Number of protein chains: 2
Amino acid sequence: MDWLKFFRAEKKANSAKTAKDRLMLAVAYQRSGLANGPAYLPKLREELLGVVRKYIQVPDDAVQFSVQREAGLEVLELNITLPDQP
Amino acid sequence: MDWLKFFRAEKKANSAKTAKDRLMLAVAYQRSGLANGPAYLPKLREELLGVVRKYIQVPDDAVQFSVQREAGLEVLELNITLPDQP
């Protein structure tokens, strides 16, 4: 999977806005059948966000959060503008 | 960011192989300058993987793991084939 290509496009779009460091997290769940995702999925995602929050303390407006859905596919996305490093 | 479009392509490629549920995780770090990423980055990623491992017990060969790098961009990727649900 060419993630570099994907995030490179993203990087360009971001750079146009501000020259800040960013962390991007994506969690995608892909269903093969009609069943819902596993019961642990919401809890798993919540804990992933918890880990990010533990390491990165930023104001709420530095975090963009979205969930995208379509048949058989659900993507949670987090895009964080990081504070300047000391 | 059109994640759905991205993962949809991924989904097609996966479906051609097997009709299994999958969880995909991507963590991207984008640098604006020359400095290295924050010191917590490896630990943060390790903990994210730990959370996934806690919820999803699968054999090692069900997990594809990769790190891709280029100037100013580093992407860690995890692609897990999930066991059939009971």
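Above this note sits the structure.
Nothing here was measured: the structure is a model prediction, and the numbers come from that model.

**Student:** How would you sum up the packing of aromatic side chains? Please name residues and give values.
**Tutor:** Summed over all chains, the structure comprises two aromatic pairs over all chains. Aromatic side chains A:Tyr40 and B:Tyr55 sit 6.0 Å apart centroid to centroid with 35° between the ring planes, which places their arrangement in the tilted category. One end of the pair, A:Tyr40, is in the loop between strand S1 (22-30) and helix H2 (41-55); the other, B:Tyr55, is in helix H2 (residues 41-55), on a second chain.

**Student:** Now, about the relation of the copies chain A and chain B: what can you tell me, with residues and values included?
**Tutor:** Once chain A has been moved 0.0 Å along the axis and rotated by 180°, it coincides with chain B to within an RMSD of 0.0 Å. The symmetry that links the two subunits is that of a two-fold axis. Distance from the rotation axis, computed per C-alpha, reaches its smallest value in chain A at A:Ala26: 2.6 Å. Both copies contact each other with a shared surface, as 100% of the interface residues of chain A are interface residues in chain B too.

**Student:** Account for the pattern of salt bridges, naming residues and giving values.
**Tutor:** Here the structure, examined in full by the defined rule, presents eight salt bridges over all chains. Between B:Glu74 and B:Arg45 there is a salt bridge whose closest N-O contact spans 2.9 Å. In this pair, B:Glu74 sits in strand S3 (residues 73-81) while B:Arg45 sits in helix H2, placing the two residues 29 residues apart along the sequence. With respect to class, B:Glu74 is no different from B:Arg45; both count as buried. Here B:Glu74 ties to B:Arg69 by a salt bridge, and the two come within 3.5 Å at their closest N and O atoms. Of the residues examined, B:Glu74 reaches a relative accessible area of 15% and is grouped as buried. It is possible to trace a salt-bridge network through shared partners that takes in A:Arg45, A:Arg69 and A:Glu74.

**Student:** Got a sec to walk through the pairing of strand S2 (residues 63-70) of chain A? Specific residues and values, please.
**Tutor:** Residue and element names in this part refer to chain A. Both S2 and strand S3 (residues 73-81) contribute to a ladder of eight bridges, which runs antiparallel. Across the sheet, residue Arg69 finds its bridge partner in S3, namely Glu74. Where S2 hands over to S3, the hairpin turn is made up of two residues, of which Gly72 adopts a positive phi near 80°.

**Student:** Give a description of the interface of chain A and chain B that names residues and reports values.
**Tutor:** Listed as interface residues are 51 residues of chain A and, on the opposing side, 51 residues of chain B. Of the roughly 4800 Å² buried at the junction of chain A and chain B (both faces included), carbon and sulfur atoms supply 62%. Remark: the boundary between chain A and chain B carries two salt bridges. Note that B:Lys54 and A:Glu47 form a salt bridge whose closest N and O atoms lie 2.9 Å from each other.

Parameters and conventions
- Residues numbered from 1 in each chain as written.
- Chains lettered and ligands numbered in written order.
- Predicted model: local features only at pLDDT ≥ 70, side-chain atom pairs only at ≥ 80, totals over all residues.
- Heavy atoms only, no water.
- Phe/Tyr/Trp six-rings, centres within 6.5 Å; stacked < 30°, edge-to-face > 60°.
- Helix = DSSP H or I, 4+ residues; strand = E, 2+ residues; numbered from the N terminus.
- Least-squares fit on C-alpha atoms with pLDDT ≥ 70 in both.
- Contact = heavy atoms within 4.5 Å.
- Salt bridge = Lys/Arg side-chain N within 4 Å of Asp/Glu carboxyl O.
- Buried < 20%, exposed > 50% of the residue type's maximum accessible area, 1.4 Å probe, protein only.
- Pairing = 2+ DSSP bridges.
- Buried area = accessible area lost by both parts, 1.4 Å probe.

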